[in-house]
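Spelled out, the chains give:
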Amino acid sequence: MIKGLLKKDLYNLASYKTSLIIIVIFCGMAIIGTDAIYWGSVVIGIIVGMISLSTFSYDEMAKSNRYILTLPVTRKEIVLEKYILAIGATILGSLLGFVLTLLIGNIMNYVRPDNVIDINIDTLLATTIGGLFGVSLIQAIQIPSIFKWGAEKGRIQMFIVLFVLALIGSGVGFLIKESGLSVDIAKLESVLKNFGLFLLILLSFIIYFISYKISYKIYKNKEE
Amino acid sequence: MNNIEIKDLSKKYAGFLLDKISFNVPSGAIVGLIGENGAGKTTTIKSILNIINSEGTVKILGKDSKAHEKEIKKDLGVVLDDSFLSAYLTPKHINSVMKDFYQTWDENKYNDLLKQFGLPTDKLVKDFSSGMKMKLKIATAISHNPKILILDEPTSGLDPVVRSEILDIFRKYIEEDETRSILLSTHITTDLEHISDYIVFIDKGKIVLNVPTLELLEEYGVAKCTKEEFSKINEKDYVSYKKGKYQYEVLINDKNSFKKKYGITSIDKPSIDDIMLFYIKGER
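Residues numbered from 1 in each chain as written. Chains lettered and ligands numbered in written order. Predicted model: local features only at pLDDT ≥ 70, side-chain atom pairs only at ≥ 80, totals over all residues. Heavy atoms only, no water.

Enquirer: Please set out the overall build of chain A residue by residue, giving values where relevant.
Expert: Secondary structure assignment for chain A yields nine helices and zero strands. Overall size of chain A, expressed as C-alpha extent along the three principal axes, is 60 × 55 × 25 Å. Here chain A holds 224 residues, and the buried ones make up 42% of them. Looking at chain A alone, contacts between residues at least 24 apart form 84% of all its contacts between residues at least 6 apart. With the model as given, the accessible surface of chain A reaches about 12,300 Å², and the carbon-plus-sulfur share is 73%. With 20 positive and 15 negative side-chain charges, chain A shows a separation of 11 Å between the mean positions of the two kinds. (Helix = DSSP H or I, 4+ residues; strand = E, 2+ residues; numbered from the N terminus. Buried < 20%, exposed > 50% of the residue type's maximum accessible area, 1.4 Å probe, protein only. Contact = heavy atoms within 4.5 Å. Areas by Shrake-Rupley, 256 points an atom, 1.4 Å probe, with all protein chains shown as cover. Lys, Arg positive; Asp, Glu negative; His and termini not counted. Charge placed at Lys NZ, Arg CZ, Asp CG, Glu CD.)

Enquirer: Please set out the nonpolar core residue by residue, giving values where relevant.
Expert: With 99 residues, the main nonpolar core has I94(B), M98(B), L136(B), I150(B), F170(B) and I182(B) as its most contacted residues. Looking at which element gives the most residues to this core, the answer is helix α6 (residues 160-176) of chain B, with seven residues. The residues that make up this core include at least three from each of domain 1 (2-215) and domain 2 (220-281) of chain B. Filtering out sequence-adjacent residues up to four positions away, M98(B) remains in contact with Y67(A), L71(A), L85(B), W105(B) and T140(B). Listed in part, the 12 residues of the second largest apolar core include C225(B), I233(B), I252(B) and I267(B). (Core = buried A, V, L, I, M, F, W, Y, C linked by side-chain atoms within 4.5 Å. Domains from an automatic or database assignment.)

Enquirer: Kindly report on the packing of helix α3 (residues 39-51) of chain A against helix α6 (residues 75-111) of chain A, identifying the contributing residues and their values.
Expert: Residue and element names in this part refer to chain A. Viewed as axis vectors pointing N to C, α3 and α6 meet at an angle of 150°, and their least axial separation amounts to 7 Å. Considering the angle they form, α3 stands roughly antiparallel to α6. Pair α3 / α6 crosses with right-handed handedness. Where α3 approaches α6, its residues G40, S41, I44, G45, V48 and G49 are matched on the opposing element by A89, T90, G93, S94, L96, G97, F98, L100 and T101. Looking at the contact of α3 with α6 residue by residue, the classes come out as six nonpolar, nine polar and no charged. (Axes fitted to C-alpha atoms, helices over the stretch in contact; angles between N-to-C directions. Parallel < 35°, antiparallel > 145°, perpendicular 65-115°, else oblique. Left-handed = near helix turned anticlockwise from the far one by under 90°. Nonpolar A, V, L, I, M, F, W, Y, C, P; charged D, E, K, R; others polar.)

Enquirer: Lay out helix α3 (residues 91-98) of chain B in plain terms, naming residues and giving numbers.
Expert: Across the eight residues that make up α3(B), a large majority, six, are buried. Within α3(B) the residues assigned to the buried category are P91(B), I94(B), N95(B), S96(B), V97(B) and M98(B). Buried residues belonging to α3(B) abut α1 (2-14) and α5 (64-68) of chain A together with α4 (107-117) and α5 (130-142) of chain B.

Enquirer: Summarise the interface of chain B and chain A; cite the residues concerned and give the values.
Expert: Tallying the contact residues gives 29 residues for chain B and 29 residues for chain A. Across the interface of chain B and chain A, roughly 2,800 Å² is buried in total on both sides, 58% from carbon and sulfur atoms. Contact with chain A buries surface across chain B, with K70(B), D100(B) and F101(B) losing the most and accounting together for 24% of the total. Across the chain B-chain A interface, the total number found is six salt bridges. K3(A) serves as the salt-bridge partner of D100(B), at 3.8 Å between the closest nitrogen and oxygen. At the junction of chain B and chain A, the tally comes to 18 residue pairs in polar contact (both at pLDDT 80 or more). Broken down by element, the side of chain B that touches chain A gets its largest block of residues, four residues, from α3(B). Taken together, the residues of the side of chain B that touches chain A sort by class into 15 nonpolar, seven polar and seven charged. (Buried area = accessible area lost by both parts, 1.4 Å probe. Salt bridge = Lys/Arg side-chain N within 4 Å of Asp/Glu carboxyl O. Polar contact = N/O pair within 3.5 Å; in protein donor to acceptor, adjacent residues only side chain to side chain.)

Enquirer: I'd like a rundown of a nonpolar patch on the surface, residues and numbers included.
Expert: A cluster of nonpolar side chains, I156(A), I160(A), F163(A), V164(A), L165(A), L167(A), I168(A), V172(A) and I176(A), forms an exposed patch at the surface whose accessible area comes to about 830 Å². Here L165(A) is to be found in helix α8 (residues 151-179). (Patch = residues over 30% accessible without salt bridge, like charges linked within 9 Å, V, L, I, M, F, W, Y side chains within 5 Å.)

Enquirer: Summarise the domain arrangement of chain B; cite the residues concerned and give the values.
Expert: Residues and elements named next belong to chain B. Domain boundaries in chain B define domain 1 (2-215) and domain 2 (220-281). For domain 1 versus domain 2, the separation of C-alpha centres amounts to 34 Å. In this complex, domain 1 contributes 13 residues to the contact, which on the side of domain 2 involves eight residues. Contact with domain 2 buries area across many residues of domain 1, yet T189, F201 and L209 alone supply 39% of it, more than any other trio. At the boundary of domain 1 with domain 2, the tally comes to zero salt bridges. Taken together, domain 1 and domain 2 are joined by two residue pairs in polar contact (both at pLDDT 80 or more).

Here it is, written out as structure tokens:
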């Protein structure tokens, strides 16, 4: 059943293919024109990852969730499919970003030997995974928002949620500073250096899991 | 045997109450759910399908519709007036998607139906006319050979030729296997006079009439009488009346007994629309 839902969303997204190719070409050109080459993978990862959420707008336009609920599929499967699509698109986008940045960077170094860009694979990998974490964080907030308020309203609510989270984050930071708690920065840096990327990936999946649980709770009793 | 059994189905919205409605859809029958816009037809269908949460019990093919939801939905074919998979899919895509939902999906049947309806396979649904869209929805709903068809306003907004084609499809669907059933909501009641076996009439969230269509068309009548004749009619012998400028029009549900009892011979055969109007607008 999930396969059928995925197919429906992928067919919908296929109508985006021209825009997507144009965006990727422009990103490629932007990468060529700048020394901040590592951002290429982040930007492409974000675009591809976020485009997957536009399937919610297609569903809303055709009121397709109402129809889908008449098919032999459970509400759990409907929610799960959206996460599979979002996670799949984010991973694919990040991979694409990583490969394209590497490829374009090397081609440019070959074409412009007088202006060689130093591409460090470790830094590129770290930036890509950092971007992937960012996308997963946004998606994890946005998907439940859309299930709760719909594709259009959900976007506004998402910014409110992001703002509140940023506020809480700064608040916690401020409190730690004010309370005089000492944080061993050197130790923290060492942990991040050794396990940082693994921790970010693990954290992404935990965030997605919590978000899925919240979305299912919202959608379980939603009336279409 | 009943393919669908609905008991005390209730749903409350601000300003609307679907009030403990009960009715059955027997095997081999086409049941027409009629009523004004906003009477509760779509709410009833959405409740049967668990698209909305309602109170009461719904049994489909003998099983509780909530406890065995996924299993039951394999045997249902549904057409909703305002909702479908996506406008950005082609009939070919729909075939590919639906194959994954139903093990019993019959690709040949689907393609034959598309051919029969003259529907292109590679055109996006958004570019279809209303009639084409409805035909596609119906082809999609019946191509896994469901035991029950549930259709919400399948003929609204369509011209008479397309409507007649669609009604033929429903007739054929039942003829193919007489254990099948159709529950069909509509406000175009003339369609039902030709194909339905039972009429369930909902008004303001309540069932006011649940009778075989034949009984409705053969036994109901509109008697035309003078004020004096009307004053002699016992309240129990009529459903409702309309007071005209020169005469009274009285809806009766047993025209033969009425004729004998009161000797009034000017009795017209009402359409389902007329009967609906008497129930909604008539006086008691």
